[in-house]
Amino acid sequence: MSVSSNQPESSNEPGSSNQPARRAVLAAGVVTGLSAWFALPASRAVADDSAPASPEAESAALPHRWRTVAIGGTGFVTGVLFHPRVEGLAYARTDIGGAYRWDSRGREWIPLTDHLGWDDWNLLGIEAMALDPRHPDRLYLAAGTYSQSWSDNGAVLRSDDRGATWSRAGLPVKLGANEDGRGAGERLLVDPRDSDTLWLGTRHDGLWKSTDRGATWSKAGFAPEPVANGQGVTFLVAAGRALYAGWADGGPTLYRNGSGTGWEAVPGLPGGASARVPIRAAYDTETRLLYVTFADAPGPNGQSDGSVHALNTLTGVWTDVTPVRPGGTTPDGSRDTFGYGGVAVDARRPGTLVATTNNRWAEVDTVFRSTDAGRTWTSLKEGAVLDVSETPYLRWGESTPKFGWWIQTVAIDPFDSRHIVYGTGATLYGTRDLVHWAPEIRGLEESAVRQLVSPPRGRARLISGLADIGHMYHDSLTASPSRGMATDPLFGTATGLAMAARRPSYVVRTGWSDAGNGAWSGDGGKTWKPFGSQPDIARTAPGPIAAGADGRTLLWSFVHWDGSTYATHRSADNGRTWTEVPTFPPGATPVADPADPRRFYAYDTVTGAVRCSADAGRTFTTAATGLPSGDAQFRLAATPGRSGHLWLSAKQHGLYRSTDGGHTFAKVPGCRASYTLGFGKAAPGAGHPAIFHVGAVDRTTAVLRSDDEGASWIRINDDAHQWGWTGEVITGDPRVHGRVYLGTNGRGIQYADPVRPPHARLLS
């Protein structure tokens, strides 16, 4: 999902085998959902067809209205499909944020996979989609984010009602929706000769076939053998009654199945580096030409050569129709290297098609259009008028936005030849006149959220830190931030965000950048200034930061993206100078006491000990010991307004609490697991802030709230609102009791308000 080339790509890879670690609006809008008072029927949830719903799925929950904080995209849109026979019906897939259906009436994307829960986080990456031209209500998704040994196997999700409900067929193989080659495709296909037959191409396990509409799968006869770390089958496409499969692991790059009896290599294939990896294909039913885009690598990164070729499926003759050869020289002397990505044909105009470049950083990627079957081309970028007023962050701190990058998917509306959409690393651009372009992204929110702060006063309801797109100042929850990304400096991935508890106008942030890695704000996060200096290690290992309660002391921890840890530094002059703190555990996250500016805390996840400072972060001493250790994602949180009141989320070890500044901890009874915890406005008559918690009091990991200091918990999400892995960050609103903000790993920032049901079951 990375959207800049000056920082490590966001990996979104798990820290363990059972959960991931961290890891893109025509008009402002939100995706809404009302948590049911009772669990939805089992058919609503994704489950193996033979597996009953768990008992916990039948429990009642406090109804909440769930919505998505509007930013607009922010992640890689890897595929877009229009249904060929139903006007206005389209679907989009993303690398870690699930799939969506376009609502043409509301002009927004509807999320289809938010019901995937904690244990199914790996299914939020959609490797491929397939439509059935003869049955418009049918939709198929090949789901699986990673193919590494620590990930679970993939699955095929099947819907008969355009994604409103699902059935699931587990696969014996792994898929890789957030790996190299994720913009290729589609790897899933409904056989045009028989709607009950589906084909699935995999990266490492060859070609698979189902003859019962995806309920069961078996390996198909397909000669090529996958190679380790290869790409395998990159796409499947129908050309009349024939099928074609792209192959990227050496040898012939295209195979044909003409009668269902077997697959054979297509003769006369183009060769050389520019045609090494087939990326996508599109078939013109009138001209009988199959267009194929190629590159020298699967992308989205690492491509430097590519081409476009057309196969006459009647004669078998190939024609090179490449719009522009990679490798030229730009006006500033840079080498113009790139590959080719998306390709689509115009169903209303034979011989009209579009093709995209990819990984073209020197000249910037473009969409080429041809009206004569590829003999001549026009680049649409040069005459494009981009309007990003509804998603200002797309300017990336500059005066004008880019046309795009990571363009590996493009589609032409089969009912409107001038309606073209293409996906980028952050959004989905669309035009209806080939000149004016704007994001068609409302409702599709894909950010991976790292930090959340809800100020107790001021204009902002929320300040967020995100993977790939830095920090945002949310003066509205229903419109993309008007200021765009925080600048001066502009960060890629955010690594830290902190507000001085007793001086909320003072905020600090840290992140990846070539122009400085830390900044401070004196107006609550509206404007920023870089720190006057920074430790040398900050450039390569910017980590989390804490601000003392009065804002006079900063503690900055340093953690490289590979997990290496370094000494924490302290500043007492607003970042002008920094000194090392030898007694602070390297790599730990500093936590400021919200009431006493002299006190700071750190949890040493290596030894299972709490370290405390009573001299404004100059020195740290050991307090409680013998606590859970061995996981860098164990988290320490401090209760607002109370000095020395700490909470420790220790994953499967549960939740611990201290009321004496971290010297002793007691395990919170009834809390089976705890992943992240935050606070909001206290309930009427309560003396303690509301506690919001991602954890478990039974076998279900859920979003919970307690108004009585953890003595009892209410589940506030339901089976329709789960969003996979949500263990990174959660916070309440200090001004609105019951409002919660939840960070997801690919579905943006979710927020909810209670709907006040007639009753709610307490989980204790």
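Residues numbered from 1 in each chain as written. Predicted model: local features only at pLDDT ≥ 70, side-chain atom pairs only at ≥ 80, totals over all residues. Heavy atoms only, no water.

A. Quick look at the overall build of the protein. Within the protein one finds 0 helices and 61 strands. Whereas a compact globule of 764 residues would reach a radius of gyration of roughly 27 Å, the protein reaches 26 Å, a difference of no more than 12%. Dimensions of the protein along its principal axes, counting C-alpha atoms only, are 80 × 60 × 45 Å. When the 764 residues of the protein are sorted by exposure, 64% land in the buried category. By element, 47% of the accessible surface of the protein is carried by carbon and sulfur atoms, the whole surface being about 26,400 Å². (Helix = DSSP H or I, 4+ residues; strand = E, 2+ residues; numbered from the N terminus. Rg over C-alpha atoms; globule rule 2.2 N^0.38 Å. Buried < 20%, exposed > 50% of the residue type's maximum accessible area, 1.4 Å probe, protein only. Areas by Shrake-Rupley, 256 points an atom, 1.4 Å probe, with all protein chains shown as cover.)

B. Spatial organisation of the nonpolar core. Y393, W396, I420, Y422, I469 and I749 are the most contacted members of the largest nonpolar core, which has 36 residues in total. Taken together, the elements giving at least two residues each to this core come down to strand 32 (409–412), strand 33 (420–423), strand 36 (449–453), strand 37 (462–466) and strand 61 (749–754). Membership of the second largest hydrophobic core comes to 20 residues, among which are W118, A696, W723 and I730. (Core = buried A, V, L, I, M, F, W, Y, C linked by side-chain atoms within 4.5 Å.)

C. Representation of the pattern of salt bridges within the structure. The tally for this structure, following the rule as stated, stands at 28 salt bridges. Among the salt bridges present, the one from D95 reaches R182, with a minimum N-O distance of 3.2 Å. Within this pair, whereas D95 is found in the loop between strand 6 (90–94) and strand 7 (99–103), its partner R182 is found in the loop between strand 12 (167–170) and strand 13 (188–190), the two being separated by 87 residues in sequence. Of the two residues examined, D95 and R182, each falls in the buried class. Ionic pairing is found between R203 and E127, a salt bridge with its closest N-O pair at 2.8 Å. In this pair, R203 is assigned in the loop between strand 14 (198–201) and strand 15 (207–210) and E127 in strand 9 (residues 126–131), connecting sequence segments 76 residues apart. (Salt bridge = Lys/Arg side-chain N within 4 Å of Asp/Glu carboxyl O.)

D. Main features of unusual backbone geometry. That bond from G185 to E186 is cis: its omega, 0°, falls within 30 degrees of zero. Within the fold, E186 resides in the loop between strand 12 and strand 13. Each neighbour pair has its own omega, and for D488 with P489 the value is 0°, a cis peptide bond. By the element assignment, P489 lies in the loop between strand 38 (470–474) and strand 39 (494–500). One non-glycine residue with positive phi stands out, namely L434, at about 70°.

E. Focus on the sheet that holds strand 48 (residues 600–604). Strands sit in the order 47-48-49-50 across an open sheet of 4 strands; the sheet is antiparallel. What marks the edges here is a single partner per strand, and that holds for strand 47 (591–592) and strand 50 (621–622). (Pairing = 2+ DSSP bridges.)

F. Main features of the sheet that holds strand 43 (residues 542–547). The strand order 43-44-45-46 describes an open sheet built from 4 strands, whose pairing is antiparallel. Of all strands in the sheet, those bounded by a partner on one side alone are strand 43 and strand 46 (579–580). Relative to strand 44 (residues 554–559), strand 43 runs antiparallel, the two sharing 4 bridges. Bridge pairing links P542 to F558 in strand 44.

G. View of the packing of aromatic side chains. In this structure the tally under the stated criterion is 25 aromatic pairs. Taking 6.1 Å as the distance between ring centres and 35° as the angle between the ring planes, the aromatic pair formed by W118 and W725 counts as tilted. One end of the pair, W118, is in the loop between strand 8 (108–111) and strand 9; the other, W725, is in the loop between strand 58 (714–715) and strand 59 (730–733), and 607 residues separate them in sequence. Residue W118 shares its accessibility class with W725, and that shared class is buried. Members of the aromatic cluster, connected to one another through ring pairs, are W199, F222, W247, Y255 and W263. (Phe/Tyr/Trp six-rings, centres within 6.5 Å; stacked < 30°, edge-to-face > 60°.)

H. Summary view of the confidence of the model for the protein. This prediction gives the protein a mean pLDDT of 91; 91% of its residues lie at or above 70. Below pLDDT 50 for its whole length, residues 1–60 participates in 209 contacts with residues either more than four positions away or in separate chains. Below pLDDT 50 for its whole length, residues 760–764 participates in 15 contacts with residues either more than four positions away or in separate chains. (pLDDT = per-residue confidence, 0-100. Contact = heavy atoms within 4.5 Å.)

I. Region of the structure containing the environment of L394. Locating L394 in the fold gives a position in the loop between strand 31 (385–386) and strand 32. For L394, a relative accessible area of 2% translates into the label buried. Expressed as a C-alpha distance, the spacing of L394 and G710, which sit 316 residues apart in the sequence, is 42 Å. In contact with L394, not counting residues within four places along its chain, are V388, P401, K402, A426, T427, Y429 and P439.

J. Structural view of the pairing of strand 57 (residues 702–706). Of all 5 residues making up strand 57, 5 are buried, and the element is well covered by its neighbours. Side chains A702, L704 and S706 project from strand 57 onto one buried face, and the interleaved V703 and R705 project onto a second face that is buried too. Across 5 bridges, strand 56 (residues 690–696) lies against strand 57 in antiparallel orientation. Note that in strand 57 the partner of H693 across the bridge is L704. As defined by bridge partners, strand 57 adjoins strand 58 across 2 bridges and the pair is classed as antiparallel.

K. Molecular detail of the environment of H693. Mapped onto the secondary structure, H693 falls in strand 56. The spacing of H693 and W528 is 165 residues in sequence and 31 Å in space, taken between C-alpha atoms. Excluding its chain neighbours within four sequence positions, the residues that come into contact with H693 are L655, C671, A673, S674, Y675, T676, L677, A702, V703, L704, W713 and I730. Looking at H693, its side chain comes within polar contact range of the side chain of S674, at 2.7 Å. (Polar contact = N/O pair within 3.5 Å; in protein donor to acceptor, adjacent residues only side chain to side chain.)

L. Representation of the pairing of strand 59 within the structure. Note that strand 59 and strand 60 (residues 736–743) share 4 bridges and pair antiparallel. Its bridge partner being in strand 60, D733 is matched across the sheet by V736. Connecting the antiparallel pair strand 59 and strand 60 is a turn made up of 2 residues.

M. Quick peek at the environment of V449. Within the secondary structure layout, V449 lies in strand 36. As for V449 and R105, which are separated by 344 residues in sequence, their C-alpha atoms are 30 Å apart.

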